[in-house]
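Structural overview for review
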Amino acid sequence: MSIAMDFGDWLSLFAHYLALSLLTVGGAVSAAPDMHRYLVDERGWLTDAQFSASIAIAQSAPGPNVLFVALMGWHVGLNAGGLGPAVLGMALCLGGIMLPSTALAYFATRWGHENRNRRDVRAFKQGMTPVVIALLVATGWILATGNGYRLDNWPLWLVTAAATAIVWRTKVHLLWLLAAGALLGWFGLV
Amino acid sequence: MMSPPEALPQKRPQPQSLTDLFLSFTILALQGFGGVLAVVQRDLVEKKRWLTREEFVEDWAVAQTLPGPNVVNLSLMIGSRYFGWRGALAGVAGMLVCPLLVVLCLALVYTRFAGDPQVAGALRGMGAVAAGLITATGLKLAPALRRHPLGVPLSVALALACFAGIALARLPLVYVLFAVGGLACVLTYRALPEAAA
């Protein structure tokens, strides 16, 4: 697909991601539905396939998942005419989603550290402890059961359960486990 | 922070320089298939020992509650603690720069491999392992609840309520975070002594 982007379009792309940034509690993926609405449905800057591919590529690559946002900008730029616009789109989308939340995190962290002996600061950090521990286990649960609770998924669940037990109880390097999972999948065993 | 003394006893391992921070986070990020957190916990808490388990959980609570990508927030927090704003930048850059280049390379070859059933299978297998890594990270941090001001039974009950809300009822994260988290913070506030221990 081929689109034309003028200065105002780039600016509204940047502004849209700036506005989304402070809404991304729990990670940038929580704002993905709105990005789809804006980029694909409303503006027509991305195809649905490019949108899904951006998320899929970032999830299969190492590193923070927020990089899917950079890929969306990259694809918008490619649609608008090539590598130069692609780099611009990438910088605008990633910069937009990162700047407000990172600035907030920085000042909140400094404030929290300077006031770390205050009762309310300690209550917040320690009070959230059970919640965030449970969130990690819940995230693993959701990832493992993303395809639903159908019983024919049992080989995948077995892999997840084995990986959980090994990481919990041993010091085996995590990359070995990921490689083992990749091999099992490559040969169609899971 | 530029003045580390009272919080950080002399003997404690810590990043040596901005370059050390940047490279450490780059290496962490490049190992993090399907989520970087498991690698961060393994490396920074168990190997490098820059953080204790309790400190890690508390930092993660803040990183998770603030908007923005969690592990990027976490690297910013850790970086800024040792080297101020320059450390924050080094941590965030380490998390993002090299992985961004990797993702771009993948995007260039993606169309050629996207339909390949073996590649799809490998990604599915890695996804299943990644789910195990994040679950195990939660289980490894759970002993931090032993020293929780609310006591073990109540803090475990709060954790179970949160798990049920997210994993079983599939409620939106924000609601659970503010409902269960808010309740937990209020209860903890009442349980804590007024002055710092």
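Residues numbered from 1 in each chain as written. Chains lettered and ligands numbered in written order. Predicted model: local features only at pLDDT ≥ 70, side-chain atom pairs only at ≥ 80, totals over all residues.

To continue, consider the overall build of chain A. When helices and strands are counted, chain A shows nine helices and zero strands. The helix and strand sequence of chain A, counted from the amino end, reads α-α-α-α-α-α-α-α-α. Taking 2.2 N^0.38 as the reference for a compact globule, 190 residues should give roughly 16 Å; the C-alpha atoms of chain A span a radius of gyration of 20 Å, well beyond that estimate. Counting the 190 residues in chain A, one finds 47% classified as buried. Pairs at least 24 apart in sequence give 50% of the contacts found in chain A among residues at least 6 apart. (Helix = DSSP H or I, 4+ residues; strand = E, 2+ residues; numbered from the N terminus. Rg over C-alpha atoms; globule rule 2.2 N^0.38 Å. Buried ≥ 20, exposed ≤ 12 C-beta atoms within 10 Å, placed from the backbone. Contact = placed C-beta atoms within 7 Å.)

A count of helical and extended segments in chain B gives seven helices and zero strands. Here chain B holds 197 residues, and the buried ones make up 51% of them. Considering only intrachain contacts with a sequence separation of at least 6, the fraction spanning at least 24 residues in chain B is 55%.

A few words on the interface of chain A and chain B. Residue-level contacts link 78 residues of chain A with 88 residues of chain B. Elements represented by at least two residues in the side of chain A that touches chain B include exactly helix 3 (48-60), helix 4 (67-79), helix 5 (83-114), helix 6 (119-127), helix 7 (129-144), helix 8 (154-169) and helix 9 (174-186) of chain A. When its residues are assigned to classes, the side of chain A that touches chain B shows 50 nonpolar, 23 polar and five charged. (Nonpolar A, V, L, I, M, F, W, Y, C, P; charged D, E, K, R; others polar.)

Moving on, we get to the environment of B:L106. Topologically, B:L106 is positioned in helix 4 (residues 70-113). Note on B:L106: 18 C-beta atoms within 10 Å, which makes it partly exposed. Residues B:L106 and B:G127, spaced 21 residues apart in sequence, show a C-alpha to C-alpha distance of 17 Å. Once residues within four sequence positions are removed from consideration, B:L106 is found in contact with A:I57 and A:A61.

A few words now on the domain arrangement of chain A. One can read the domain layout of chain A as domain 1 (7-114) and domain 2 (128-186). Look at where the C-alpha atoms of domain 1 of chain A and domain 2 of chain A centre, and you get two points 28 Å apart. (Domains from an automatic or database assignment.)

Quick look at the confidence of the model for chain B now. Low pLDDT means the predicted coordinates in that region are not meant to be read closely. Mean pLDDT over chain B: 89, with 93% of residues reaching 70 or higher. What the predictor reports for the complex is a pTM of 0.87 with an ipTM of 0.89. (pLDDT = per-residue confidence, 0-100.)

Turning our eyes to something else, we now look at the domain arrangement of chain B. Domain boundaries in chain B define domain 1 (5-113 + 123-143) and domain 2 (148-192). Computed over C-alpha atoms, the centres of domain 1 of chain B and domain 2 of chain B are 24 Å apart.

Further remarks concern the packing of helix 4 of chain A against helix 4 of chain B. Relative orientation of the contacting elements helix 4 of chain A and helix 4 of chain B amounts to 50°, with a least axis distance of 10 Å. The angle between the axes of helix 4 of chain A and helix 4 of chain B places the two elements in the oblique class. You can see that helix 4 of chain A and helix 4 of chain B cross each other, and the crossing is right-handed. Between helix 4 of chain A, through A:L67, A:A70, A:L71 and A:W74, and helix 4 of chain B, the contact on the second element is made entirely by B:P99, B:L100, B:V103, B:L104 and B:A107. Each residue belonging to the contact of helix 4 of chain A with helix 4 of chain B can be placed in one class, and the counts come to nine nonpolar, no polar and no charged. (Axes fitted to C-alpha atoms, helices over the stretch in contact; angles between N-to-C directions. Parallel < 35°, antiparallel > 145°, perpendicular 65-115°, else oblique. Left-handed = near helix turned anticlockwise from the far one by under 90°.)

Let us now look at the nonpolar core. Soluble globular proteins tend to bury their nonpolar side chains together. Judged by nonpolar contacts, the single largest core of 120 residues is most densely connected at A:V69, A:A70, A:L71, A:M72, A:C93, A:V131 and B:C162. Among the elements that take part in this core, helix 4 of chain B stands out by supplying 16 residues, more than any other. With residues near it in sequence (within four places) discarded, A:V131 still touches B:L158, B:C162, B:L177, B:V180, B:G181 and B:A184. (Core = buried A, V, L, I, M, F, W, Y, C linked by C-beta atoms within 7 Å.)

Right, let's get into the packing of helix 1 (residues 18-31) of chain B against helix 4 of chain B. All names here are of chain B. Here helix 1 crosses helix 4 at 45°, and the two axes come no closer than 7 Å. The angle between helix 1 and helix 4 places the two elements in the oblique class. Of the two elements, helix 1 crosses helix 4, and the hand of that crossing is right-handed. Counted together, L18, L21, F22, L23, S24, F25, T26, A29 and L30 of helix 1 and S75, G79, F83, R86, G87, A90, G91, A93, G94, M95, C98 and P99 of helix 4 form the full contact between these two elements. Residues that form the contact of helix 1 with helix 4 fall into these classes: 13 nonpolar, seven polar and one charged.

This paragraph deals with unusual backbone geometry. All names here are of chain B. One non-glycine residue, R49, adopts positive backbone phi at about 60°. Along the chain, R49 falls in the loop between helix 2 (37-47) and helix 3 (53-65). According to the C-beta neighbour criterion, R49 is exposed, with 12 such atoms within 10 Å. In this model, R170 sits at a positive phi of 55°, which is unusual for a non-glycine residue.

Here we take up the confidence of the model for chain A. Taken residue by residue, chain A gives an average pLDDT of 92. The fraction at 70 or more is 99%. Helix 1 (residues 7-21) of chain A holds the highest mean pLDDT among the elements of chain A, 96, whereas helix 3 of chain A holds the lowest, 87.

What follows deals with helix 1 of chain B. Residues and elements named next belong to chain B. Taking 1.5 Å as the rise per residue, helix 1 with 14 residues should run 20 Å; its terminal C-alpha atoms sit 20 Å apart, in good agreement. Residues L21, F22, S24, F25, L28 and A29 constitute the buried set of helix 1. An end-on view of helix 1 places all buried positions within 165° of arc, on one side of the element. Looking at the buried residues of helix 1, the elements they touch are helix 2 and helix 4. (Expected span 1.5 Å × (residues − 1). Arc of directions from axis to C-beta.)

Here helix 3 of chain B is 13 residues long and its end C-alpha atoms lie 18 Å apart, about the 18 Å a rise of 1.5 Å per residue gives. Judged by how many residues are buried, helix 3 of chain B sits mostly within the fold: 10 of 13 residues are covered.

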